[in-house]
Amino acid sequence: MKFGPIPIDTAEGAVLAHATTVGERRFRKAHRLSADDVSLLKAAGISEVVAAVLAPDDLSEDAAAEKIAESMIHRNIEAKPAATGRVNLHAEVGGIFTVDAAMIDAINAVDPTITIATLAQHAPVEKGQMVATVKIIPFAVGSVLVDAVARICAGSEIFAVNAYQPVRVGVIQTVLPGIKPNVLDKTLRVTEARLARSGGRLTAERRTPHEVGPVAEAAASLARYNDMVVIFGASAMSDFGDVVPAAIEKAGGIVIRAGMPVDPGNLLVLGTLGGKHVIGAPGCARSPKENGFDWVLDRLIAGLDVTAKDIAGMGVGGLLMEIPTRPQPREPLPARAELKVDVVLLAAGRSSRMGGPNKLLALFDGKPLVRRTAERALGSKASGIIVVTGHQRERVHAALSGLDVTFADNPDFTEGLSSSLKAGIARVADDAAGAMIMLGDMPGVSSADLDRLIDAFRKSEGQSVVRASHEGKRGNPVLLPRSLFAAIAHLEGDTGARHLVEAEGLDVVDVEIGKAASIDVDTREALEGAGGVLQD
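Let us look at the structure shown here. (Residues numbered from 1 in each chain as written. Predicted model: local features only at pLDDT ≥ 70, side-chain atom pairs only at ≥ 80, totals over all residues. Heavy atoms only, no water.)

## Examining the environment of Ile488
Part 1 of the argument: Among the secondary structure elements, Ile488 is positioned in helix α14 (residues 485–488).
Part 2 of the argument: The spatial distance from the C-alpha of Ile488 to the C-alpha of Lys422 is 6.3 Å, given a sequence separation of 66 residues. (Helix = DSSP H or I, 4+ residues; strand = E, 2+ residues; numbered from the N terminus.)

Here you go:
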């Protein structure tokens, strides 16, 4: 492939490197020029274009990505159609993702033009979630390189989603004087919720004294008609001969491993009894927050074996969180500055349902709606305001004259919401922990509402999606953590960030702000009902 400036006379069949506008016609990046296209460009006085010219043995970016994806052997995974040199692969079922890391490394070592990225080994996934992506970097790649990757993929499975099985689980909870029944009841509810996410169910519970004999008897009984037994000890394991591991062995079972290098989760016990798995749950498993118990439970429910060696290998990445209430905390948390949040104000739309006028320029109390919205963002705790413009950008710029905002002009605004999201996120400050996606047509959202969302985001330490809601229904604005920014760059068409939030599995914090979360002004009736006056 040849890349660079080429004379327009020889450009037929070349692939444009950059979007190019000629009068009313706009050629998108990666557009292959036809003879008519070349004539139009020449008539406009363009003498050369920056483009890629494919060699006879080159494959286009989409063809190369598709061929690589088709050569892969996988289970419970669907490859989506190629676009912009990328094939995304999505889970067809919920389960645990497994991947041949050596095969992935071998593919990525063939040539920098060909890349594949996947989720982490043993990552839990939901149905529809993206698990891997094949990306061709240039506009074309030599077929010999694609063939080399196909040979690596031949003959063995590259990755899979190991589907969750609807297991039946029996629970034992030991009791000591002073333990409250409501603690045991809550433990059951949390365990039922853990099982529900993978289709399993809790079939029975036994409450016994915290003694080897009664626990062993209950475990043997439950193992006869359940797929798994989980034991919650009233007292944490303090020795490998303590009640829970000793009870497993007394019942005729085998202790595979006692203790794990995952924190929280150190005091987990894993064994087998009559061919069924038995887990001695650590105390942290009484909480719904992720801990080492989840790692073992989810793999077993997905039909994956968990060995002593597997557990011993969980230390890297196993430090999940600090426990401030420990008798001897490891280290005090360092003081940190408040997390910064930028607002991305979307103001590029065409107001197509208004029949002509731009709703963002409608007057509310004598002020353009887009200016009123921007002023409320400026009055919040946000660190910076990025305004994404497109349709009638000059008029929107004029309406915001004098305000301390950054403009991100989106020439591709007609391609849908995703283009505006990408344009805005690209301008978010490097030190911002998140971006508040704010619609320009929501007149009821106040500075105080935005502050409540920012406060909730900071409380989550920048790890959660924070969403405005009204009476339990999701609304806008939505505050996205930086961890989602890379995925936003891959959105296409009229797609927002909602499916990313669902697919990535991040915690979502809903903040009730009242009707303001659901009132936008997409129609004349809605705008006038909200107190706006349309301008020509």
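## So, the sheet that holds strand β24 (residues 367–368)
Part 1 of the argument: An order of β24-β23-β31 is seen for the 3 strands of this open sheet, with the pairing classed as antiparallel. Looking at strand neighbours, the two that pair on one side only are β24 and β31 (532–533), the edges of this open sheet.
Part 2 of the argument: Pairing of strand β23 (residues 363–364) with β31 involves 2 bridges; the strand directions are antiparallel. By the bridge assignment for β31, Leu363 is matched with Val533. (Pairing = 2+ DSSP bridges.)

## Looking at the pairing of strand β20 (residues 269–273)
Part 1 of the argument: The buried count for β20 comes to 4 of 5 residues, which makes it a mostly enclosed element.
Part 2 of the argument: Note: strand β19 (residues 254–258) against β20, 4 bridges, orientation antiparallel. Looking at the pairing, Arg257 lines up with Leu270 of β20.
Part 3 of the argument: Between the antiparallel neighbours β20 and strand β21 (residues 276–281) lie 2 residues, among them Gly274 with a positive phi of about 60°. (Buried < 20%, exposed > 50% of the residue type's maximum accessible area, 1.4 Å probe, protein only.)

## Some thoughts on the pattern of salt bridges
Part 1 of the argument: Under the criterion given, the structure shown has 20 salt bridges.
Part 2 of the argument: A salt bridge links Arg168 to Asp227; its shortest N-O distance comes to 3.4 Å. Of the two residues, Arg168 is situated in strand β16 (residues 168–175) and Asp227 in the loop between α6 (212–223) and β18 (228–232); the sequence distance between them amounts to 59 residues.
Part 3 of the argument: Judged by its relative accessible area of 34%, Arg168 falls in the partly exposed class.
Part 4 of the argument: Assessed through its relative accessible area of 29%, Asp227 is described here as partly exposed.
Part 5 of the argument: Salt bridges sharing common partners tie together Arg194, Arg197, Asp294 and Asp298. (Salt bridge = Lys/Arg side-chain N within 4 Å of Asp/Glu carboxyl O.)

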